[in-house]
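So the chains spell out like this:
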Amino acid sequence: MAQPKVPSNAEQFKQSFREEAREILTELESALLELNENPRDTELVSRVFRALHTIKGSGSMFGFEKLASFTHNLETAFDEVRTGRLEISAALIDLTLAALDQIRAMLEEDAAGAPPADPVACAEILEQVRRLAGIDQSGRKEAAHEPAADSAARAGAEVSGPMRDWQIRFAPGPDLLRCGANPLLLLCELGEMGALSVHADMAAIPPLSELDPERCYIAWDLTLRSAANREAIRDVFIFVEDTIAQDEATCVVFGMPKEAIRMNGVSKVLPLGAIAGGILSHCR
Amino acid sequence: MPVTLEQNDALTCIQLEGVIDVACAAELKELLMEKLQSDSAVYVSLESATSVDVTAVQLLWAAAREAQRAGVEFGFKGQTPEGVRCALAAAGIEKFPVPA
């Protein structure tokens, strides 16, 4: 039998992710250099955090697991800075700049002839970042440094106090699988936030002859016991909720949005200024 | 698609191997439909599968239901690997591969 082939749609999405990630990394580098000059600039810290979060989340969704796992630790460190539990230091900025080189290498690893990331350098960077930020081996904040947080809460999650049960219905859009994303990874990520009970609802699976093999018909009913707040939980689904693409007129680089629109993977195309409203309309 | 077929007049066994995901979903659907239309019993083995994604779960679920409806003997043969079983359980698909 022939070897499995990667679907062209998935490969196209991966390529679009690479292009977008290259842009984000350039922006991230610039923000880090500015932050070196202005270490108390909270907007710069937020820019760095958001960029790392996007690279981690999108990377994970599109199969760049190593990249996502590596970036997760940096994201956690900058979440500590963002929430005032860690001060920006030249050491953290230098480590993050060094990490960007490794992330770039991980991004290109599938490309013929591209040099791979250096595992020794990666391990050293992670070790030093973890030591600086008090992060454990899994990328979570160590409990001793985070007394108010539930130890099961994931790194980077906003924690709002008391434990509570969240009922979540996760019904991925029909095109989620077509773009190479894996909904089971989201369940794993959610499971890191607390005790998760999962029930798969198979009721929408049609007869075999009518079944579109690349479409997701399964939905999940989830109960999560966690101290994480609504925003942190929503963050897990940020890349699979109703898909909004930024329009060409307001894009600096019309890469991934263009590809997603072309493949009918987008429910709304909005200018940059309207995207916040579009997102908020789903939160009410 | 990485698959081995064992076939005789009474029974077809589809042995799925390696990664069973969206990349081979269309091919798996065609194979299941073809075998369910034959007169023989159909069994699927996941013993050599290393991972099974949502697309494969849906197809096998639909195939099992189709077989029930058509009165075709359909089942699963051999042990499901621990990794595949854990992934399915984490996805809340503990009853897989038998539809309720």
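Reading guide: rules and limits
- Residues numbered from 1 in each chain as written.
- Chains lettered and ligands numbered in written order.
- Predicted model: local features only at pLDDT ≥ 70, side-chain atom pairs only at ≥ 80, totals over all residues.
- Helix = DSSP H or I, 4+ residues; strand = E, 2+ residues; numbered from the N terminus.
- Buried ≥ 20, exposed ≤ 12 C-beta atoms within 10 Å, placed from the backbone.
- Pairing = 2+ DSSP bridges.
- Axes fitted to C-alpha atoms, helices over the stretch in contact; angles between N-to-C directions.
- Contact = placed C-beta atoms within 7 Å.
- Parallel < 35°, antiparallel > 145°, perpendicular 65-115°, else oblique.
- Left-handed = near helix turned anticlockwise from the far one by under 90°.
- Nonpolar A, V, L, I, M, F, W, Y, C, P; charged D, E, K, R; others polar.
- Expected span 1.5 Å × (residues − 1).
- Core = buried A, V, L, I, M, F, W, Y, C linked by C-beta atoms within 7 Å.
- pLDDT = per-residue confidence, 0-100.

Caption draft 1: Geometry of the overall build of chain B. Along its length, chain B carries three helices and four strands. With 100 residues in all, chain B has 40% of them scored as buried.

Caption draft 2: The arrangement of the sheet that holds strand β1 (residues 3-7) of chain B in detail. All names here are of chain B. Here we have four strands laid out as an open sheet, ordered β1-β2-β3-β4, and mixed in their pairing. Edge positions in the sheet fall to β1 and β4 (74-77), since each of these pairs with one other strand and no more. Averaged over neighbouring strand pairs, the angle between their axes works out to 20 degrees when direction is ignored. Across four bridges, strand β3 (residues 41-52) lies against β4 in parallel orientation. The partner of S45 across the bridge, within β4, is K77. Its contacts with the sheet place helix α2 (residues 54-70) against β2 (11-20), β3 and β4, and it is angled at close to 165 degrees to β3.

Caption draft 3: Main features of the packing of helix α1 (residues 25-37) of chain B against α2(B). Residue and element names in this part refer to chain B. At a closest axis distance of 10 Å, the pairing of α1 and α2 adopts a crossing angle of 15 degrees. Between α1 and α2, the angle falls in the class roughly parallel. Considering the relative orientation of α1 and α2, their crossing is right-handed. From α1, A25, L28, K29, L32 and L36 reach across to α2, where they touch T55, A56, L59, A63, E66, A67 and A70. Looking at the contact of α1 with α2 residue by residue, the class counts come to nine nonpolar, one polar and two charged.

Caption draft 4: Just the packing of helix α2 (residues 42-61) of chain A against helix α3 (residues 65-82) of chain A, in detail. All names here are of chain A. Axis separation between α2 and α3 bottoms out at 8 Å; the angle between their running directions is 155 degrees. Taken together, α2 and α3 sit at an angle that is classed as roughly antiparallel. As for how α2 packs across α3, the hand of that crossing is left-handed. Between α2 and α3, the contacting residues are V45, S46, V48, F49, L52, H53, I55, K56, G59 and S60 on the first element and E65, L67, A68, T71, H72, L74, E75, F78, D79, V81 and R82 on the second.

Caption draft 5: Local environment of α2(A). Here α2(A) spans 28 Å end to end across 20 residues, near enough to the 28 Å set by a 1.5 Å rise per residue. Downstream of α2(A) by a residue or two, G63(A) has a phi angle that is positive, lying close to 90 degrees.

Caption draft 6: Region of the structure containing helix α5 (residues 119-133) of chain A. All names here are of chain A. In a regular helix each residue adds 1.5 Å, so 15 residues correspond to 21 Å; α5 covers 21 Å between its end C-alpha atoms and thus fits that length. Here the buried face of α5 lies against α3 and α4 (90-107). Looking at the residues trailing α5, positive phi occurs at G134, about 65 degrees.

Caption draft 7: Quick peek at the interface of chain B and chain A. With 26 residues of chain B in contact, the opposing surface of chain A contributes 26 residues. Broken down by secondary-structure element, the contributors of at least two residues to the side of chain B that touches chain A are α1, α2 and α3 (82-90) of chain B. With eight residues, α2(B) is the largest single contributor of residues to the side of chain B that touches chain A. Considered class by class, the residues forming the side of chain B that touches chain A number 20 nonpolar, three polar and three charged.

Caption draft 8: Main features of the nonpolar core. Judged by nonpolar contacts, the single largest core of 93 residues is most densely connected at V48(A), L59(B) and A63(B). Here this core takes 10 residues from α2(B), the largest share from any one element. Sequence-distant contacts of A63(B), defined by excluding residues within four places in its chain, comprise L208(A), L32(B), L36(B) and F74(B).

Caption draft 9: The arrangement of the environment of A87(B) in detail. Within the element layout of this structure, A87(B) appears in helix α3. Here A87(B) falls in the partly exposed class, since 18 other C-beta atoms lie within 10 Å of it. Remark: the alpha-carbon pair of A87(B) and S51(B), spanning 36 residues in sequence, is separated by 8.1 Å. With near-sequence residues (within four places) excluded, A87(B) lies in contact with L184(A) and S51(B).

Caption draft 10: Layout of the confidence of the model for chain A. Residue and element names in this part refer to chain A. Counting all residues, the mean pLDDT for chain A is 80, and 80% of those residues have values of 70 or more. Predicted confidence is poor over residues 1-7, with pLDDT under 50, and the contacts of this stretch with residues over four places away or in other chains come to 13 contacts. With pLDDT under 50 throughout, residues 143-159 is counted as low confidence; its partners more than four residues away or in other chains account for 45 contacts.

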